[in-house]
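# A structural walkthrough
Here are the chains, one letter per residue:
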Amino acid sequence: MAQLRLVALSSERLRKCIYDHNRAFAQRSRWQRDRLLEVGELSRYDRELKEAWERFFLPVGDDDDQDLDEDGLRRRAREQFTELDRSNLAPIRRDVREGWVARGSLHVIADRLEIGWHPQWVAHLRERLGEARDDPAAGAAA
């Protein structure tokens, strides 16, 4: 959820995202534990969700973010996040249509650092990692 904090979502929206993440994580774990998934089904679904993420978050042009300050980048990221959050993401199966499965699965993928919500999410997370390495007390508090 550190990535969501980068785009400065409201506390209530952040709580909803955490709720979706936890429900999806638990459901995905249950499906795996109970062997209710076909071989490679979750990997295929995650690839499909990442492709959906790309349609919303990859820059359209090479210079899209160059003129924006940090507040502008966060504002754009929140707008892109909202569009994706409200979109009709593909269900993992036709009979599993709950939106929290897809939305929460995107947060699971973001936790694995395969996608991000801020245009410069990799740089921000590297910076935070560097700060934690430099300050052992900060690492313990995080």
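Located above this text is the structure these notes cover.
Below: a short report on this structure. Sequence positions are assigned chain by chain, starting from 1 and proceeding in written order. Since the coordinates come from a predicted model, pLDDT governs what is reported: local features require at least 70, and pairs of side-chain atoms require 80 or more to be given and counted, while whole-chain, interface and lining totals use all residues. As a rule here, side-chain values cover all heavy atoms of the structure and leave hydrogens and water aside.

### A few points about the nonpolar core
Inside soluble globular proteins, nonpolar side chains tend to come together where they are buried. The set of buried Ala, Val, Leu, Ile, Met, Phe, Trp, Tyr and Cys residues whose side-chain atoms join them within 4.5 Å is what this entry labels a nonpolar core. Here the term buried applies to any residue with accessible area under 20% of the maximum for its type, exposed to any over 50%, and partly exposed to those in between, with areas from a 1.4 Å probe on protein chains only. With 30 residues, the main nonpolar core has Trp 53, Leu 106 and Trp 117 as its most contacted residues. Mapped onto this core, the elements with two or more residues apiece are helix H1 (2–6), helix H2 (11–33), helix H3 (41–57), helix H4 (70–86), helix H5 (99–111) and helix H6 (121–134). The residues contacting Trp 117, other than those within four sequence positions of it, are Gln 3, Leu 4, Val 7, Trp 53, Phe 57, Ala 77, Phe 81, Leu 84, Leu 106, His 107 and Ala 110. Put simply, DSSP H or I for four residues or longer makes a helix, DSSP E for two residues or longer makes a strand, and each gets a number counted from the N terminus. Residue contacts are defined here by distance: any two heavy atoms, one from each residue, within 4.5 Å place the two residues in contact.

### Focus: a negative patch on the surface
Patch rule: a residue counts if its relative accessible area is over 30% and it has no salt bridge; like charges are joined within 9 Å, and nonpolar side chains (Val, Leu, Ile, Met, Phe, Trp, Tyr) within 5 Å. All accessible areas in this document rest on Shrake-Rupley with a 1.4 Å probe, and a residue is counted as covered only by the protein chains that are shown. Salt bridges, as used here, are contacts in which a Lys or Arg side-chain nitrogen is within 4 Å of a carboxyl oxygen on Asp or Glu. Working convention for charge: Lys and Arg count positive, Asp and Glu count negative, and His plus the chain ends are omitted. Taken as the charge centre is NZ of Lys, CZ of Arg, CG of Asp or CD of Glu, depending on the residue. On the surface, Glu 127, Glu 131, Asp 134 and Asp 135 cluster together into a negatively charged patch. One can find Asp 135 in the loop between H6 and helix H7 (136–141).

### What about unusual backbone geometry?
With phi around 55°, Arg 35 is a residue other than glycine that occupies positive phi space. Of note, Arg 35 is situated in the loop between H2 and H3. In this structure, Leu 113 takes a positive phi of about 65° despite not being glycine. Structurally, Leu 113 can be placed in the loop between H5 and H6.

### Points about H5
To estimate the expected span of a helix, count its residues, drop one, and scale the result by 1.5 Å. Between its first and last C-alpha atoms H5 spans 19 Å; for 13 residues at 1.5 Å apiece the expected length is 18 Å, and the two agree. When you tally the buried positions in H5, you get ten out of 13 residues, the bulk of the element. Looking at H5, one finds that the buried residues are Trp 100, Val 101, Ala 102, Gly 104, Ser 105, Leu 106, His 107, Val 108, Ile 109 and Ala 110. Each element contacted by the buried residues of H5 is listed here: H1, H2, H3 and H4.

### Comments concerning the pattern of salt bridges
Throughout the structure, instances matching the rule amount to twelve salt bridges. Arg 13 is the partner of Asp 85 in a salt bridge, and the nearest nitrogen-oxygen pair spans 2.7 Å. Highlighted residues: Asp 85 in helix H4 and Arg 13 in helix H2, separated in sequence by 72 residues. Here Asp 85 falls in the buried class, since its relative accessible area comes to 17%. Two residues, Arg 103 and Asp 85, come together in a salt bridge whose shortest N-O distance is 3.7 Å. Of this pair, Arg 103 sits in helix H5 while Asp 85 sits in helix H4, and the two are 18 residues apart along the sequence. Given a relative accessible area of 25%, Arg 103 falls into the partly exposed group. Counted as one network, the salt bridges with shared partners bring together Arg 28, Asp 46, Lys 50, Arg 112 and Glu 114.

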